Amino acid sequence: MTPTDDIPDMPALRLEIDALDGELMALLARRHALIDRAARIKSGNGWPARIPARVEQVVANIRAHALRHGLDPDLYDRLWRDLIEAAIAQEERHLHKDRP
């Protein structure tokens, strides 16, 4: 990755952003696979998809990461809550795949 101050112009900057977006999508795909695994583990243990204490733990972790990186914790709180809701829906589909 090029240091940001060494990026000479907008086309080069856009290429860096596009490359980073691809890396973020790869990380999100890995997270998606981990959620599938979580659903299989939860299914075997009879656990629900939504575990409120874990939701709040994940959000607290993200807020701390955001602060550490100088980012807006409220923004990442909202983004991660959407991500968490999608993950819960993903787990629900797995846990109830036998339902019509």
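Peer 1: In this structure, what is going on with the overall build of the chain? I would like to understand it.
Peer 2: Helices and strands together make up the secondary structure of the chain, namely three helices and zero strands. Across the chain, helices and strands are ordered from the amino to the carboxyl terminus as α-α-α. Taking 2.2 N^0.38 as the reference for a compact globule, 100 residues should give roughly 13 Å; the C-alpha atoms of the chain span a radius of gyration of 18 Å, well beyond that estimate. Along the three orthogonal principal directions, the C-alpha set of the chain runs to about 55 × 25 × 20 Å. Per-residue burial over the chain gives 18% buried out of 100 residues. Contacts spanning at least 24 positions in sequence make up 60% of the contacts within the chain whose residues lie at least 6 apart. Carbon and sulfur atoms provide 59% of the accessible area of the chain, an area that totals close to 7,500 Å². Averaged over its 15 positive side-chain charges, the chain has a centre that lies 11 Å from the centre of its 17 negative ones.

Peer 1: Mind showing me how you'd approach helix 1 (residues 10-45) here?
Peer 2: One turn of an α-helix holds 3.6 residues; hence residues three or four places apart share an orientation. In this model, helix 1 (36 residues) spans 51 Å end to end at C-alpha, consistent with the 52 Å of a helix rising 1.5 Å per residue. Residues of helix 1 that are buried include every one of I35, A39 and K42, and no others. On its buried face, helix 1 is in contact with helix 3 (73-95). The positive-phi residue at the C-terminal boundary of helix 1 is G46, with phi of around 75°.

Peer 1: Looking at this structure, how should I read the nonpolar core?
Peer 2: Listed in full, the seven residues of the largest apolar core are A49, V55, V58, V59, I84, I88 and L95. If sequence neighbours within four positions are ignored, A49 has contacts with K42, I88, E91, E92 and L95.

Peer 1: For this particular structure, what's the right way to read the side chain of Q90?
Peer 2: Relative to the helices and strands, Q90 is located in helix 3. What makes Q90 buried here is its relative accessible area of 8%. Once you skip the residues sitting within four places of it in the chain, Q90 turns out to touch H32, I35 and D36.

Rules and cut-offs
Residues numbered from 1 in each chain as written. Predicted model: local features only at pLDDT ≥ 70, side-chain atom pairs only at ≥ 80, totals over all residues. Heavy atoms only, no water. Helix = DSSP H or I, 4+ residues; strand = E, 2+ residues; numbered from the N terminus. Rg over C-alpha atoms; globule rule 2.2 N^0.38 Å. Buried < 20%, exposed > 50% of the residue type's maximum accessible area, 1.4 Å probe, protein only. Contact = heavy atoms within 4.5 Å. Areas by Shrake-Rupley, 256 points an atom, 1.4 Å probe, with all protein chains shown as cover. Lys, Arg positive; Asp, Glu negative; His and termini not counted. Charge placed at Lys NZ, Arg CZ, Asp CG, Glu CD. Expected span 1.5 Å × (residues − 1). Core = buried A, V, L, I, M, F, W, Y, C linked by side-chain atoms within 4.5 Å.

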